[in-house]
Amino acid sequence: MEKKRRICIIGAGISGLAACKYLLERGFRPVVFEADRSIGGLWKSTPASTRLQSARWDYQFSDFPWPDKVKEVCPDSKQVMEYVESYAQRFDLIRHVRFGEKVEGIEYVGVGEEEMKAWDMWGGTGDAFGCGRRGVWHVTVRQEEDGAVEVHIMDFVILCVGRFSGLPNIPTFSKNKGSDVFNGKVIHSMDYSNMDSTAVTELVKGKRVIIVGYLKSAVDIAAECANINGPKCPCTMIVRTKRWNVSQMKVWGIPISYMYLNRFSELLLHKPGEGLILSLLATILSPLRWIFSKFTESYLRKTIPMKKYDMIPKHSFFQGVAAGLFCILPEHFYDKVEEGSIILKPSKTFEFIKNGVLVEGDATPINADVVIYATGFKGDQKLRNMFISSWFQKIVVGTEDTIVPLYRECIHPQIPQMAIIGYSENLSNLYTSEMRARWLACFLDNGFILPSKRDMEKNIIEWDNYYKTYSGNSSECYRRSCIAPVHTWYNDQLCKDMRCNPRRKKGFFADLFLPYGPIDYAGLELKK
């Protein structure tokens with residue numbers, strides 16, 4: 001039965017497509033606004049060498065397995081796009097997407113700010129459309145083709161705009177120390193990713209390239225530059241923070257997931273909302289967490305020449321996992337370092353000069369023709385920019401010393417009739433976005449009501465304490481809200497809200513020691 005509620009989804013990436021699919025299953029007819037001309041989000045434009053950061057069986061929709069022809073453990077970006085497009089076709093999602101329509105702002109009208117602040121329950125009643133008789137969203141959309149602007153009235157808005165795209169993070173410099181004094185070309189990894197292979201080759205071939213950063217985009221771009229130029233014209237990576245980047249997801253023959261991503265590994269952590277027994281277990285078993293981390297680090301030190309190149313991080317491998325701040329290196333990455341095609345240059349700060357850059361502590365500059373920032377994105381600002389209300393702009397992402405305040409990583413306690421999917425992280429964001437899309441669709445279909453605003457805020461504080469305890473006190477770490485080490489515990493909360501059985505495996509030991517993944521939640525709504 002078709003439901004008449006007006007719902008829009010902003011963004012047709014992984015999260016937006018999953019949200020659309022599960023809303024359709026429950027009888028809603030959402031409209032998806034997508035500024036670009038294709039689906040896929042950040043997968044639309046990545047360096048050609050980019051591959052999945054997780055195995056394909058962890059990065060898949062629960063009810064849509066990868067095709068048999070894909071044999072790679074970590075498929076490349078082209079294969080991922082083909083998979084996502086097949087998913088959209090299989091569930092007839094494309095016809096709900098309005099391409100080339102950019103949302104320029106959303107405004108909640110009909111209820112005043114003071115009244116919203118006075119509510120004890122979210123939206124006034126705790127259900128999805130509690131105040132929908134008066135409160136609605138005005139969604140301002142500009143059409144790319146002719147610039148026409150239209151305002152759509154919506155009962156519920158789902159933001160799936162992504163945290164790692166759209167608004168690049170560019171380092172700032174003091175006067176006469178920035179890129180304005182540099183004679184070469186300076187771009188962001190976003191610009192690089194939008195280039196085709198011919199343009200990339202033209203940009204870097206025979207050029208002295210400097211890459212700023214040391215996470216996924218940075219190492220992928222460095223590998224491509226090394227393939228094009230070789231040791232005769234090496235690229236230099238300015239590494240401001242050293243990372244436990246790995247060559248594979250196994251250590252000493254043991255999959256990392258067996259040490260960090262199963263229910264047993266979660267027993268080693270103090271989790272939000274745990275009871276006394278689980279708290280005692282976490283305290284007693286906590287030394288195992290240190291052992292697992294040192295065990296992993298010993299393998300990485302043995303197999304990767306990190307010490308030789310002064311690349312051993314100060315933080316533990318576990319902290320890297322907890323914050324989501326590590327990546328899988330491209331194939332033969334350190335071989336390219338060994339042959340001199342890639343030069344690693346650890347340095348906290350640097351400044352531009354006429355013919356290159358000067359890093360902290362060095363008297364000799366690094367000459368360059370091209371500098372590429374792989375320095376991430378301003379996800380918080382991108383989210384603020386969606387709102388017209390100055391109050392919503394101020395509160396939506398919280399403050400620098402707290403996590404982004406989202407209950408179940410989806411609902412802001414102070415902002416009614418709106419959800420955000422895809423803002424916090426897991427090692428497999430597709431898997432997590434699908435779970436959240438399920439949860440949100442159930443909520444919109446009157447499957448449950450939310451607790452009071454006070455209880456939601458209390459729960460957010462518990463998660464804030466968790467992230468700061470295990471990810472590190474740097475805002476770069478805890479504000480990423482990476483649920484990886486407790487993703488099964490997190491999914492359990494979603495399942496309980498939906499009145500589904502969170503125990504998805506057969507047998508006590510399988511449930512305790514085998515890692516959970518998308519396939520475990522296939523048919524979730526059918527298995528109460």
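An unreviewed UniProt entry lists the chain under the name Flavin-containing monooxygenase, with Dendrobium chrysotoxum given as the organism. Recorded in UniProt for the chain, the comment headed Sequence similarities (unreviewed entry) runs: "Belongs to the FMO family."

Enquirer: I'd like to hear about the packing of helix α5 (residues 197-204) against helix α6 (residues 216-229), residue by residue, with values.
Expert: Helices that pack against each other are described as a pair by the angle of their axes relative to one another and the distance between those axes. The N-to-C vectors of α5 and α6 enclose an angle of 70°; their axes lie 10 Å apart at closest approach. With respect to their mutual orientation, α5 and α6 come out roughly perpendicular. For the pair α5 and α6, the contacting residues are V200, T201 and V204 in the first and E224, C225, I228 and N229 in the second. For the contact of α5 with α6, the class distribution of residues is four nonpolar, two polar and one charged.

Enquirer: Mind laying out the packing of helix α1 (residues 14-25) against helix α14 (residues 429-444), listing which residues take part and the relevant values?
Expert: Two numbers describe how α1 lies on α14: the axes approach to 8 Å, and their chain directions differ by 35°. Read as a crossing pair, α1 and α14 show a hand that is right-handed. Where α1 approaches α14, its residues I14, S15, A18, A19, Y22 and L23 are matched on the opposing element by L430, S433, E434, A437, R438, A441 and L444. Looking at the contact of α1 with α14 residue by residue, the classes come out as nine nonpolar, two polar and two charged.

Enquirer: Give me the pattern of salt bridges: which residues, what numbers.
Expert: Scanning the model with the defined rule gives 30 salt bridges in all. With its nearest N and O atoms 3.1 Å apart, the salt bridge here joins K216 to D220. Of the two residues, K216 and D220 are both situated in helix α6; the distance of four residues between them amounts to about one turn of the helix. Take K216: its relative accessible area is 18%, and that puts it in the buried class. A salt bridge links K294 to E297; the shortest N-O distance between them is 3.4 Å. Of this pair, K294 and E297 both sit in helix α9 (residues 276-303), separated by three residues, roughly a single helical turn. Linked by salt bridges that have partners in common, R263, D492, R503 and D511 make up one network.

Enquirer: Explain the pairing of strand β6 (residues 149-154) to me, using residue names and the numbers behind them.
Expert: Bridge analysis of strand β5 (residues 136-143) against β6 gives six bridges, and the strand direction is antiparallel. Bridge pairing links T140 to V151 in β6.

Enquirer: Provide a residue-level description of α14, including the pertinent values.
Expert: The end-to-end C-alpha distance of α14 is 22 Å, a good match for the 22 Å that 16 residues give at a rise of 1.5 Å each. Summarising burial for α14: 15 of the 16 residues are buried, a large majority. In the segment just after α14, N446 is the residue with positive phi, at about 65°.

Enquirer: Residue-level account of the sheet that holds strand β3 (residues 97-99), with values.
Expert: Here we have five strands laid out as an open sheet, ordered β3-β2-β1-β7-β18, and parallel in their pairing. If you trace the sheet from one side to the other, it starts and ends with β3 and β18 (418-420), each paired once. Strand after strand, the sheet turns through a mean of 20° between neighbouring axes, direction not considered. Of the pairings in the sheet, the one linking strand β7 (residues 156-159) to β18 comprises three bridges and is parallel in character. Across the sheet, the residue bridging to V157 is M418, located in β18.

Enquirer: Give a description of the sheet that holds strand β8 (residues 185-188) that names residues and reports values.
Expert: Strand order in the open sheet formed by five strands is β8-β17-β9-β10-β13, with parallel pairing between adjacent strands. Of all the strands in the sheet, just β8 and β13 (342-346) have a single pairing partner and so form its edges. With strand direction ignored, the average angle separating the axes of adjacent strands in the sheet is 20°. Bridge analysis of strand β9 (residues 209-212) against strand β10 (residues 235-239) gives three bridges, and the strand direction is parallel. By the bridge assignment, I210 is partnered in β10 with T236.

Enquirer: Could you give an account of the side chain of S54, naming the residues involved and the relevant values?
Expert: Within the secondary structure layout, S54 lies in the loop between β2 (31-34) and α2 (77-90). When neighbours within four sequence positions are excluded, S54 is seen to be in contact with Y59, V73, C74, L427 and S428.

Enquirer: Tell me about the packing of aromatic side chains, and please be specific about residues and values.
Expert: Tallying each qualifying case throughout the model produces 41 aromatic pairs. Summarising the aromatic geometry, the rings of F64 and Y87 are spaced 5.8 Å apart at their centres and angled 70° between planes, so their arrangement reads as edge-to-face. Taken together, the residues F64 in the loop between β2 and α2 and Y87 in helix α2 connect sequence positions 23 residues apart. Judged on exposure class, the residue F64 and its partner Y87 are both buried. Residues Y309 and Y334 carry aromatic rings whose centres are separated by 6.2 Å and whose planes lie at 45° to one another, so their mutual orientation is tilted. With Y309 in the loop between α9 and α10 (317-323) and Y334 in helix α11 (residues 333-338), the pair connects residues that are 25 residues apart, well separated along the chain. The same class applies to Y309 as to Y334, namely buried. Among the aromatic residues, those joined into a ring-pair cluster are Y260, F317, F318, F326, W463, Y466, Y467, Y470 and Y490.

Enquirer: Would you mind going over α5 in detail, with residue names and values included?
Expert: Regarding α5, the residues found buried are V200, L203 and V204. The arc enclosing the buried residues of α5, seen along the axis, measures out at 75°, which places them on a common side. In α5, the exposed positions that point more than 90 degrees away from the buried face belong to T198 and E202. On its buried face, α5 is in contact with β8, α4 (189-193), β9, α6 and β17 (370-373).

Enquirer: Which residues make up the nonpolar core, and what values do they have?
Expert: With 128 residues, the main nonpolar core has F333 and Y334 as its most contacted residues. Sorting elements by how many residues they give to this core places α14 first, with 10 residues. Those residues in contact with Y334 that sit more than four places away from it in its chain are Y214, I304, P305, M306, Y309, M311, L329 and L344. Of all hydrophobic cores here, the second largest spans 31 residues; its members include C8, W119, V397 and I415.

Enquirer: With reference to specific residues and values, describe unusual backbone geometry.
Expert: Positive phi values are uncommon outside glycine, yet H332 reaches one of about 60°. You can see H332 is positioned in the loop between α10 and α11. Backbone geometry at S481 places phi at a positive 50°, although glycine is not the residue there. Relative to the assigned elements, S481 resides in the loop between α16 (475-478) and α17 (487-497). Judged by its relative accessible area of 1%, S481 is buried.

Thresholds, definitions, all that
Residues numbered from 1 in each chain as written. Predicted model: local features only at pLDDT ≥ 70, side-chain atom pairs only at ≥ 80, totals over all residues. Heavy atoms only, no water. UniProt positions renumbered as here; feature names shortened; annotations may be inferred. Axes fitted to C-alpha atoms, helices over the stretch in contact; angles between N-to-C directions. Helix = DSSP H or I, 4+ residues; strand = E, 2+ residues; numbered from the N terminus. Parallel < 35°, antiparallel > 145°, perpendicular 65-115°, else oblique. Contact = heavy atoms within 4.5 Å. Nonpolar A, V, L, I, M, F, W, Y, C, P; charged D, E, K, R; others polar. Left-handed = near helix turned anticlockwise from the far one by under 90°. Salt bridge = Lys/Arg side-chain N within 4 Å of Asp/Glu carboxyl O. Buried < 20%, exposed > 50% of the residue type's maximum accessible area, 1.4 Å probe, protein only. Pairing = 2+ DSSP bridges. Expected span 1.5 Å × (residues − 1). Phe/Tyr/Trp six-rings, centres within 6.5 Å; stacked < 30°, edge-to-face > 60°. Arc of directions from axis to C-beta. Core = buried A, V, L, I, M, F, W, Y, C linked by side-chain atoms within 4.5 Å.

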